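# Architecture and fold: a report
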Amino acid sequence: MEKFVVNGGNKLFGEVTVSGAKNAAVAIIPAVILCDEPCRIENIPNISDVTLIATILQDLGAVVKRVDKSTLDIDPRPINTYVATNDSVRGMRASYYLLGALLGRFHNAKVALPGGCNFGVRPIDQHLKGFALMGAKNELINGAIIESTSDRPLHGAKIYFDTVSVGSTMNIILAAVKAEGQTIIENAAKEPHIVDLANFLNSMGANIRGAGTDVIKIRGVEYLRGITYSIIPDQIEAGTYMAAAAATRGKITVRNITPKHLDSISSKLREMGVEVEEYDEAVVVDATSRPLNRVNIKTMPHPGFPTDCQPQFAALLASVNGTSIINENVWDNRYQYIAELVRMGAKISVEGRLAIIEGGSYLTGAPVKATDLRAGAAMIIAALIAEGTTYISGISYIERGYEDVINKFRALGADIKKIYIPDNDEVATTA
Ligand code: EPU
């Protein structure tokens, strides 16, 4: 078993460079299925979720070549099946994008039900409703969703989402790009990665207007040409390092970011008394000069405060005197990690969607587990401010979404390493 070991107490100082956005990459890579020529994708994060989705494309028949750590060449032309049901597909959430992409290309799709981080029921009814309105029939057989249009292309439709959903918005964009006529999505999600997917597809020749607003119009086209495209920086990775710097009362520069995408995070940090200075592609976060204040946070779809930074900010707020309240407004059950923070001495109680944090208590190192990806990031932040040593298990969750996380934190001065514990329980270091 592998664990992270963190000796707390070091303030973070220095610079960190953010990688490409995970949640853009896991949609843009399957989007290549729709393209009629090879594509080159740059600024891809080197994380296990990306490796997995690239392998899934390869299993479908695409020729995928890693040019360097952050660049993939993908030739989707040899793909000759719309069936994606192996274990890799079940292993990640974003495999639901195969439904939209395969439907768009083959007018059929058979895709295993997606896995991914577990925070309560994660329905995909809005995705399926959209496909049905575009003419697909869907069935669930042996754990796989089957979409078919009897060999006719999908047709455009007006789709009103009952809930603001990132995945449904992106999936309908994928299905609509080559459909007949115009598709209108109302109550669309507005996350930066939705705009990124639309920019990618438009650069290939798609006709998508309104991405980044709550009404998106897509007129189907017949041909998409191959391009070279660079993925946007990861807003949540940036927010994680910003929260970590504030929690340790340090000062760091976060590079390769789009400051506009971080507005909700930067303004929450400013409200706490952290200085956040914005440059063209960097922010400087300085928590060295004054005591921090308690704040309340309500997570919301973009441009609201992102749910994917909620656990990291809970760890930060545990270090701030006073009572802070978090209202998790996107997911029903994203507080499993709180029990782990409590194990370290945090005083946090959960009432439904609210987490009530009595901040400022003394945290001590403990054996804890990453209950999901962002929960794992919260464990690292709590461990950085705790006295003594914290052992974090479940790190495969963290490695799904954070590139080179150990080296990035070490470069900022954190005392963190990965260890391998063999079955006989002897502790062996892997560097
Ligand atoms: N929802 C429905 N029906 C649907 C789809 C969603 O009721 O058909 C509900 C969900 O249950 C949830 C809300 O709508 O309450 C929002 O879900 P959304 O569809 O936006 O989430 P997602 O697409 O499954 C993506 C990210 C998550 C991130 C959410 C919200 C990917 C691969 N995942 O999930 O990222 O939390 O959007 O921003 O893009 C993470 O990176 O740690 C992560 C979990």
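The structure under discussion appears in the preceding block.
One structure accompanies this document, and this report is about it. Predicted, not measured: the structure shown is a model, and the values here were computed from it.

## Describing the site of the ligand
- Close to the ligand lie 24 residues, the nearest being Tyr-96, Ser-165, Val-166, Asp-308 and Val-330.
- One of the side-chain nitrogen or oxygen atoms of Asp-125 is found 2.8 Å away from a nitrogen atom of the ligand.
- Separating an oxygen atom of the ligand from a backbone N or O atom of Gln-126 is a distance of 2.7 Å.
- For the ligand, the protein covers 90% of the area, taking 820 Å² as the surface of the free molecule.
- The cavity where the ligand resides is the largest pocket.
- Elements represented by at least two residues in the shell around the ligand include exactly helix H1 (22-31), helix H5 (125-133), helix H6 (166-176) and helix H12 (373-385).
- Residues belonging to the shell around the ligand are distributed by class as follows: nine nonpolar, eight polar and seven charged.

## Details of empty space enclosed by the protein
- Taken as a whole, this structure holds two cavities of 30 Å³ or more when the rule is applied.
- Looking at the largest cavity, its volume works out to about 80 Å³.
- Lining the largest cavity are Ala-21, Lys-22, Asn-23, His-193, Ile-232, Pro-233, Asp-234, Gln-235, Ile-236 and Arg-374.
- Looking at the lining of the largest cavity, the elements with two or more residues in it are H1 and helix H8 (235-247).

## Observations regarding the layout of surface pockets
- There is about 1,100 Å³ of room inside the largest pocket.
- In terms of lining residues, the largest pocket is bounded by 47 residues, among which Tyr-96, Arg-122, Val-166, Val-330 and Trp-331 are the most central.
- Going through the elements one at a time, H1, H5, H6, helix H7 (192-203), H8 and H12 are the ones with two or more residues in the lining of the largest pocket.
- A per-element tally of the lining of the largest pocket places H6 first, with four residues.
- Of the residues contributing to the lining of the largest pocket, the split by class is 20 nonpolar, 14 polar and 13 charged.
- There is about 180 Å³ of room inside the second largest pocket.
- Along its surface, the second largest pocket is lined by 13 residues, and Ala-247, Ser-319, Ser-361, Leu-363 and Ile-385 are the ones closest to its centre.

## Considering H12
- Under the 1.5 Å per step criterion, the end-to-end length of H12 is 19 Å for 13 residues, consistent within 8% with the ideal 18 Å.
- Within H12, twelve of the 13 residues are buried, which leaves it mostly tucked inside the rest of the structure.
- If you check which residues of H12 are buried, you get Leu-373, Arg-374, Ala-375, Gly-376, Ala-377, Ala-378, Met-379, Ile-380, Ile-381, Ala-382, Ala-383 and Leu-384.
- The backbone nitrogen of Arg-374 lies 3.1 Å from a side-chain oxygen of the residue at the head of H12, namely Asp-372.

## Considering the side chain of Gln-312
- Within the element layout of this structure, Gln-312 appears in helix H10 (residues 310-317).
- A polar contact is formed between the side chain of Gln-312 and the side chain of Thr-240, at a distance of 3.0 Å.
- Leave out the neighbours within four places in its chain, and Gln-312 touches Ile-236, Thr-240, Ala-243, Arg-374, Ala-377, Ala-378, Ile-381 and Tyr-402.

## A closer look at the environment of Ile-297
- Following the sequence through the fold, Ile-297 ends up in strand S18 (residues 297-298).
- Among the residues examined, Ile-297 registers a relative accessible area of 3% and is labelled buried.
- Sequence separation of Ile-297 and Ile-326 is 29 residues, and the distance between their C-alpha atoms is 4.7 Å.
- When neighbours within four sequence positions are excluded, Ile-297 is seen to be in contact with Lys-268, Phe-305, Phe-313, Leu-317, Ile-325, Ile-326 and Asn-327.

## Things to note about the sheet that holds strand S11 (residues 182-186)
- The four strands are arranged S10-S11-S13-S12 in an open sheet whose pairing can be described as mixed. Unpaired on one side and paired on the other, strand S10 (158-160) and strand S12 (207-209) mark the two borders of the sheet. The sheet shows a mean angle of 15° between the axes of neighbouring strands, direction not considered.
- Across three bridges, the pairing between S10 and S11 is parallel. In the sheet register, Lys-158 faces S11, and the bridge partner there is Ile-184.
- Packed on one face of the sheet, H6 meets S10, S11, S12 and strand S13 (215-219) and runs near 175° to S11.

Rules used throughout
Once a new chain begins, its residue numbering starts again from 1 and follows that chain's sequence as written. Since the coordinates come from a predicted model, pLDDT governs what is reported: local features require at least 70, and pairs of side-chain atoms require 80 or more to be given and counted, while whole-chain, interface and lining totals use all residues. Hydrogens and water are ignored here; the side-chain numbers use all heavy atoms of the structure. Any residue with a heavy atom positioned within 4 Å of a molecule or strand is treated as near that molecule or strand. Each polar contact in these results corresponds to two N or O atoms within 3.5 Å; when the atoms are within protein, one needs to be able to donate a hydrogen and the other to accept it, and residues that are neighboring in sequence are counted only if both atoms are side-chain atoms. Only the protein chains shown count as cover for residues, and the accessible areas themselves come from Shrake-Rupley with a 1.4 Å probe. Only protein atoms enter the 1 Å grid, on which a cavity is a set of points fitting a 1.4 Å probe that cannot get out and a pocket is an open set with protein on both sides within 12 Å along at least 5 of 7 lines, lining residues being those with an atom within 4 Å of a point. More than half of a molecule's atoms lying within 2 Å of a cavity's or pocket's grid points is what places that molecule inside it. We count a stretch as a helix when DSSP gives it H or I for four or more residues in a row; a strand needs E for two or more, and each element gets its number in order from the N terminus. Just so you know the grouping, Ala, Val, Leu, Ile, Met, Phe, Trp, Tyr, Cys and Pro go in nonpolar, Asp, Glu, Lys and Arg go in charged, and all remaining residues, Gly too, go in polar. Grid points are joined across faces, edges and corners, and a volume is the space filled by probe spheres set on the points. Helix span, expected: 1.5 Å multiplied by one less than the number of residues in the helix. Only protein chains enter the accessibility calculation, which uses a 1.4 Å probe; a residue whose area is less than 20% of its type maximum is buried, one above 50% is exposed, and one in between is partly exposed. Residues are treated as being in contact if the distance between any of their heavy atoms lies within 4.5 Å. Pairing between strands is defined by DSSP: at least two bridges between the two strands are required. Inter-axis angles, ranging from 0 to 180 degrees, are taken between N-to-C directions of lines fitted to C-alpha atoms, where helices are fitted over the stretch in contact.

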